[in-house]
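Spelled out from the first residue to the last, the chains are:
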Amino acid sequence: MSSIVAAAFRWVNACVPKAKKQVVFCSFPDYSDNARAVYEEMIRRGMDKQYRITWLLNGAAPDTLPPERCCRQHSFKGMWRYFRAKYVFHTHGLFGNCPPKRQTVVSLWHGMPLKTIMKLDATHPADEVFRFTYTIATSPLFQDVMARAFDCAPAQCLLTGQPRNDALFEQSDVLRQMGIDREAFDRLFLWMPTYRRSAIGDVRCDGNGGAEEGVAFLTGEQLAALNEELAGMNSLMLIKLHPMQVAIPAENREYSHIRFLRKTPGLLYHLVGAADALLTDCSSVYMDYLLLDRPIGFVFDDMAQYEANRGFVFDRPLDYMPGKTVEDYDGLTAFLKDVAAGRDAFGDARRAVNEKINTYCDNNSSRRLLKEVFGV
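Reference entry: report on the structure contained in this document. Note that the coordinates shown come from a computational prediction; the quantities given were computed from them, not determined experimentally.

### Considering the pairing of strand β2 (residues 52-57)
Of all the six residues making up β2, five are buried; the element is thus mostly covered by neighbouring parts of the structure. The pairing of strand β1 (residues 19-26) with β2 spans five bridges and is parallel. Pairing of Gln22 across the sheet is with Arg52, part of β2. Crossover connection from β1 via helix α2 (residues 33-44) to parallel β2: handedness right-handed. Taken together, the three bridges between β2 and strand β3 (residues 70-72) define a ladder with parallel strand orientation. In the strand pairing of β3, Leu57 is matched with Arg72.

Here it is in structure tokens:
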């Protein structure tokens, strides 16, 4: 928004009376992540009978959402629902991020950050305003990080855990919906890299910008060899690309034991919970995966470049990364073989780091948040 439009928007929002029983949700991607988890908990509790709930969407309405609850975000109807809402939940900011005090806005964000964000990110516009009533944190350690990142009071950072993590503990048929027969494989590896070169949102290039095939250090030949390694282990690897990542050559190739994903049916964290081991880098997914106490491999061959380009919220990030560091193809296959053989040298380290990162290790984060916001 331009400064003039933003000022006019704030003025209108401040003037419009708020409907005490009106709630708005918005997320990126649409209908996903922490916002979806909170919404689904409200539905399970029957709160949709007490509150008028609206989802602000940028794309087509999901089949699982009643049409009357869906509005285009950038439409008069969508903005009016936002102006009238007493409660607003979002994951990536919404309409200028400067609500009036009588509107309760919860910035759910999208993970506890290892990489710098907002005020901690030297490349972020210093004068950008990002205001809310509350955000969330998973531990006192991250209450401090989030307070510094958003220049807010620590009391605004609710210690609830991440609502999306509730799905890690739930049984689901997500693999069946994806056409995957879990019984056909001995194990499932999930690789979730953060973006190196983004195409939407905060468009930027971090780290090495992406290698030849766009998957860490892997070449086309190495991807083919990796597929054969996985076949020999009777294992399947799913590589879930970040929604902001630019298109990469590798995702257009077909393999027998590697699948590239841009989206998943249902909640992404049902898939995360189904994985026997995780591969990632500085993505916040690993902090969530610690709750399951399963092996994690950190594929981070460009860590020095990433630190120079983007930076980390901790001076010694490796102290918070309890798993094997993978910097080349041999290191990757060694990690896979260790998991296949049941060798796990990082169990104690994972549990120690988890105590710092996750105060709660259960499936009640959505409930805690609803209690804080609605008192129920």
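Right, picking up where we left off after that structure.
### What to know about the layout of surface pockets
Empty space within the second largest pocket amounts to approximately 230 Å³. Glu170, Gln171, Ser172, His270 and Ala274 are, among the 15 residues lining the second largest pocket, the residues nearest its centre.

### Description of unusual backbone geometry
In terms of backbone geometry, most residues other than glycine have negative phi values and most peptide bonds are trans. With omega at -10 degrees, the peptide bond leading from Phe28 into Pro29 counts as cis. Residue position: Pro29 is located in the loop between β1 and α2. Its identity as a non-glycine residue notwithstanding, Asp33 has a phi of 55 degrees, on the positive side. Its location among the elements puts Asp33 in helix α2. A relative accessible area of 19% places Asp33 in the buried class. Even without being glycine, Asp151 reaches a positive phi, approximately 50 degrees.

### Let's talk about the sheet that holds strand β8 (residues 187-191)
Pairing is parallel in the open sheet, where six strands are placed in the order β10-β9-β8-β11-β12-β13. Either end of the sheet is taken by a strand with one partner, and the two such strands are β10 (258-261) and β13 (324-326). Mean inter-strand twist for the sheet, computed between neighbouring axes without regard to direction, equals 20 degrees. Where strand β11 (residues 277-280) and strand β12 (residues 296-299) come together, three bridges link them in parallel fashion. Pairing of Leu278 across the sheet is with Ile296, part of β12. Helix α6 (residues 220-232) rests against β8, β9 (235-240) and β10 of the sheet, and its axis sits at about 120 degrees to β10.

### Here's the deal with the nonpolar core
In a soluble, globular protein the nonpolar side chains are often hidden away together inside. Phe150, Leu238 and Tyr286 are the most contacted members of the largest nonpolar core, which totals 68 residues. If one sorts the elements of this core by residue count, helix α4 (residues 140-150) sits on top with six residues. Phe150 has contacts with Trp109, Ile117, Met118, Phe130, Arg131 and Phe132, leaving out every residue within four places of it along the chain. Core analysis: the next-biggest nonpolar cluster, separate from the first, contains 26 residues, Val215, Leu241, Ala277 and Val339 among them.

### Observations regarding the sheet that holds strand β6 (residues 134-137)
With respect to topology, seven strands assemble into an open sheet ordered β3-β2-β1-β4-β5-β6-β7, the strand pairing being parallel. The sheet is open, and its two edges are formed by β3 and β7 (157-159), each paired on a single side. Pairwise comparison of adjacent strand axes, ignoring direction, gives a mean angle of 25 degrees for this sheet. Where β6 and β7 come together, three bridges link them in parallel fashion. Within β7, the position partnered with Ala137 by the bridge is Leu159. Across the face of the sheet, α4 comes into contact with β6 and β7 while running at roughly 165 degrees to β7. The strands that helix α12 (residues 365-374) touches are β1, β4 (85-90), β5 (104-107), β6 and β7; relative to β4, the one it contacts most, it runs at about 150 degrees.

### Some points on the packing of aromatic side chains
If you walk through the whole model with that rule in mind, you get 26 aromatic pairs. Judged by centre distance (6.2 Å) and plane angle (70 degrees), the rings of Phe130 and Phe132 are edge-to-face. Under the relative-accessibility criterion, Phe132 is labelled buried at 8%. Each ring, one from Tyr306 and one from Phe312, has its centre 5.9 Å from the other, and the planes form 25 degrees; the classification is stacked. Phe312 sits in the buried class, given a relative accessible area of 10%. Put simply, the rings of Phe25, Tyr31, Tyr39, Tyr51, Trp55, Tyr87, Phe89 and Phe374 pair up and form one aromatic cluster. The residue whose ring lies beneath Lys21 is Tyr51, and the NZ or CZ to ring-centre distance is 4.6 Å.

Here is what the cut-offs are and how they apply
- Residues numbered from 1 in each chain as written.
- Predicted model: local features only at pLDDT ≥ 70, side-chain atom pairs only at ≥ 80, totals over all residues.
- Heavy atoms only, no water.
- Buried < 20%, exposed > 50% of the residue type's maximum accessible area, 1.4 Å probe, protein only.
- Helix = DSSP H or I, 4+ residues; strand = E, 2+ residues; numbered from the N terminus.
- Pairing = 2+ DSSP bridges.
- Right-handed = clockwise from strand over helix to strand, strands pointing away.
- 1 Å grid on protein atoms, 1.4 Å probe; cavity = no way out; pocket = protein on both sides within 12 Å on 5 of 7 lines; lining within 4 Å.
- Points joined across faces, edges and corners; volume = space filled by probe spheres on them.
- Axes fitted to C-alpha atoms, helices over the stretch in contact; angles between N-to-C directions.
- Contact = heavy atoms within 4.5 Å.
- Core = buried A, V, L, I, M, F, W, Y, C linked by side-chain atoms within 4.5 Å.
- Phe/Tyr/Trp six-rings, centres within 6.5 Å; stacked < 30°, edge-to-face > 60°.
- Lys NZ or Arg CZ within 6 Å of the ring centre and 35° of its normal.

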